[in-house]
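# Residue-level structural notes
Now for the letters of each chain:
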Amino acid sequence: MIRIRRGIGALGRKVLTGAALCATSAAAWADRPWNFQTPVTPIAQQQYDLHLYIFWICVVIFVGVFGVMFYSLFKHRRSVGHQAAQFHENTVVEVVWTVIPFLILLFIAYPATKTILALKDTTAPDMTVKVTGYQWKWNYEYLGEGVSYYSELATPLAQIMGQAPKDEHYLLEVDHPLVVPVNAKVRVLLTAGDVIHSWWVPAFGVKQDAIPGFVRDTWFKAEKVGIYRGQCAELCGKEHGFMPVVVEVKSKEDYDKWMGEQKKLAAAAADDPNKVWDQAALVARGEKVFNANCAACHQAAGTGNPAAKIPALVGDPVVMGPPNDQIHVVLNGRNAMPSWKSLSDTDLAAVITYTRNAWGNKASAGLVQPAQVLAERGK
Amino acid sequence: MSTVTPDQLGHGHDDHAHGHPTGIMRWVTTTNHKDIGTMYLWFSFTMFLVGGCMALTIRAELFEPGLQIVNPEFFNSMTTLHGLIMVFGAIMPAAVGFANWMIPMLIGAPDMAFARMNNWSFWLLPPAAILLVTSLFVPGGGPSAGWTMYPPLTIQNGMGMDLTIFAIHIMGASSIMGSINIITTILNLRAPGMTLMKMPLFCWAWLITAYLLIAVMPVLAGAVTMLLTDRHFGTSFFNAAGGGDPVLFQHVFWFFGHPEVYIIILPAFGIISEILPAFSRKPLFGYASMVYALAGIAILSFIVWAHHMFTTGLPTAGLLFFMYATMLIAVPTGVKVFNWLATMWRGSITFETPMLFCLGFLFLFTLGGFTGLVLSIMPVDIQLQDTYYVVAHFHYVMVAGSLFAFFAGVYYWIPKWTGTMYDERLGKIHFWSSLISFNVTFFPMHFLGLAGMPRRIPDYAQQFADWNMVASIGAFWFGLSQLIFLYAVLKCIFHKGEKAPAKPWDGATTLEWTVPSPAPYHTFETPPVIK
């Protein structure tokens, strides 16, 4: 009850101060919780202006029409003794009130059309980001930069469940926001991995559905450095309310610095084929690679499938023989076995090392390093 | 007929010695349009309460930020079933209930054209309702992809979704049969001398609505059948991996869905057009243009569907076409509003409860119309699509629009139905309480949407907390207000009130007021002649 009362009290104060502010300054409109968020892109600014323009047209018509109605309700009451007239048509009046609304619509349609043409123009971008929606997170991929990462809700569960006080950006905070440079035209390609999501940043005036199996595009050009928050706008399952969109707009220099760091991180995360591994680590990794790629035919226990002419790897002469022969077979395939060149040197070294040590195999050269695979790949 | 005493009629006995069943079997086997109309209206009110409880569950969870009452999955089921139940279980059957009760009496017909099919149209509804409600209790939970049922999310739902699909099939069959019945009745059973352009406007509204229903219910049935086969039989209508397209569903659904919006509102327009002249004591202004406006709205409704899909990434030409077509709807709708105002102008107006609900309708429906115009502007819609602004908009047109018109209709005709006047004081309390609480609930949702709160979320950011609290308080107030309505109606049914004369409204001119109150079980066995 106390919480409710406090809420209502705060509300009252906000209504009062809000009313005072919006009466005095148009700029204050933008920061009240009853209009669009302050726009930071040209398109969002146009939407903002367009909305207010139509809003005031509606207000004028509304006041006019219902002014007439309330005048009639007041003056033409039976209780003030008004006698009913019996007219029931007037062609001139009827034509007039059909044509005038049509003309008003033309005045609305013209600026709206201009904005549509502008917001659909995704040509000549400065950079392109591919956004993929998943249940329930976003993936951002900087095309041509080799940088890609996921962006998930950062609000702790305890806050949602009411076990901890909610912080300022409750439900609108993520671990890794999308980062873009200021004043750059960013083209956004959207798709989804499971169901339809919708990527929405109110301050940018961008809302575009992400549709699985299709790619759609949109664009924005943020003109002010800052952090902008939005949410998924299309029902996408139980965590739909918990997949915010956060975009951090940085100055060009800060952005370049950030991008440089991201590239270094990406390079560090990739496997270095010259790294020297110890046998236990490679065997552990190799087991995973084997089960994911090889076990379908050779079986998890390495027994093969004699009926399908798939050899057992237990005691197999190639597995037990010189490493280079086995690397050659794995890289290039043999008979029914396909080439596995698509796997990385480290994965191939791991899976080969695994087969040479698993199921009782004790090959003489039990450890194969990624560098050996790399060398064989080059032949 | 003239020898029948009102007492016998009041208990609904047949004045002919047909040996009709009594008790429950009377209702199961009845082919009487008045009995069937009554059942439709009670069914509708029951579903209104069920759907209303779901709405209150939603509002309770949204009372403050955080998850307190339900889990997100159940929350999604609530929004989904609230929508489906209110649209298919509450509003549409209420409109058909009015059609059953009033169309034969308004055109001087003895009954509906296909009386036995009429019985069947109604009795399909309870099984459909049971399927919808029990979907909450099956493994996997109720449908939770929203009433719009967009795939691929729908494909992930449990078997509750299958029950929903079957329920929609059944309700669609019921609607189509009801529509065939209404069209046939209106076209063939009008009293001698009643030309189409002399028909009460409610009949015109329903004639056009019925054609809309026949045109689009099969489209919905097709859409949900494709969902069903995608779910269980390996088809890929809406699955890109198999050559389909998830957006195809949205096109098909909204090709049904937009006319559906007018299916919901046109009968309400009809009711308003009967009541406003009666309490203004003046003929309806611009009858012919009212008919043309109804037809114009109906035709436009087929070419505007993609305005529900402005954020899916339509081509520029598509955006412009659907924006212009949508804006055009403002013209015939404006004509209707202006005609209603002109009907009141220089009338002799009184403010009984039916009139109050009409005025509430006029004021708030027009407000909903304006937000509709705002939403039709595609660049603005980008910001508002799938936000609480849309929720506010469609509740203004469906609750303050259709529902208020139906309340007006009940208060207007209940003296004819029961033979007892409703309690004017209760009616007025019901009106003012509903009007104020409705606005407390839904007006702040405009602000929430503008400020950026998406719809269909069980929890929200802190800046949305204040208005959500207001909306939740309003919602419970609105819900409780409807118990006043129930009480007022029960008082009439149990004859606790003034006895109604044949024509309690001095401004009313239509045929139903020429028969006694309550209306005899059979009316107009000999057709009246219209001059």
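Residues numbered from 1 in each chain as written. Chains lettered and ligands numbered in written order. Predicted model: local features only at pLDDT ≥ 70, side-chain atom pairs only at ≥ 80, totals over all residues. Heavy atoms only, no water.

Moving on: the overall build of chain B. Scanning chain B for helices and strands turns up 18 helices and zero strands. Counting only C-alpha atoms and orienting by the principal axes, one finds that chain B spans roughly 70 × 50 × 45 Å. Residues counted as buried form 69% of the 531 residues belonging to chain B. Accessible surface for chain B amounts to roughly 16500 Å². Of this, 72% is attributable to carbon and sulfur atoms. Taken together, the 21 basic and 24 acidic charged side chains of chain B have centroids lying 12 Å from each other. (Helix = DSSP H or I, 4+ residues; strand = E, 2+ residues; numbered from the N terminus. Buried < 20%, exposed > 50% of the residue type's maximum accessible area, 1.4 Å probe, protein only. Areas by Shrake-Rupley, 256 points an atom, 1.4 Å probe, with all protein chains shown as cover. Lys, Arg positive; Asp, Glu negative; His and termini not counted. Charge placed at Lys NZ, Arg CZ, Asp CG, Glu CD.)

Residue and element names in this part refer to chain A. For strand β1 (residues 127-134), the tally of buried residues reaches six of eight residues, placing the bulk of the element in the interior. Relative to strand β5 (residues 186-192), β1 runs parallel, the two sharing seven bridges. Among the inter-strand pairings, Val-131 is bridged to a residue of β5, identified as Leu-190. In the sheet, β1 pairs with strand β2 (residues 137-142) via six bridges, with the strands oriented antiparallel. Among the inter-strand pairings, Val-131 is bridged to a residue of β2, identified as Tyr-140. The antiparallel hairpin formed by β1 and β2 contains two residues in its connecting segment. (Pairing = 2+ DSSP bridges.)

What follows deals with the pattern of salt bridges. As enumerated under the stated definition, the model contains 15 salt bridges over all chains in all. In this structure, Arg-285 of chain A engages Asp-347 of chain A in a salt bridge whose closest nitrogen and oxygen atoms are separated by 2.9 Å. With Arg-285 of chain A in helix α7 (residues 279-293) and Asp-347 of chain A in helix α11 (residues 345-357), this pair connects stretches of sequence that are 62 residues apart. Arg-285 of chain A sits in the partly exposed class, given a relative accessible area of 22%. Note that Glu-424 of chain B and Lys-428 of chain B form a salt bridge whose closest N and O atoms lie 3.8 Å from each other. Pair noted here: Glu-424 of chain B and Lys-428 of chain B are both in helix α17 (residues 424-451), with a separation of four residues, about one helical turn. Judged by its relative accessible area of 31%, Lys-428 of chain B falls in the partly exposed class. (Salt bridge = Lys/Arg side-chain N within 4 Å of Asp/Glu carboxyl O.)

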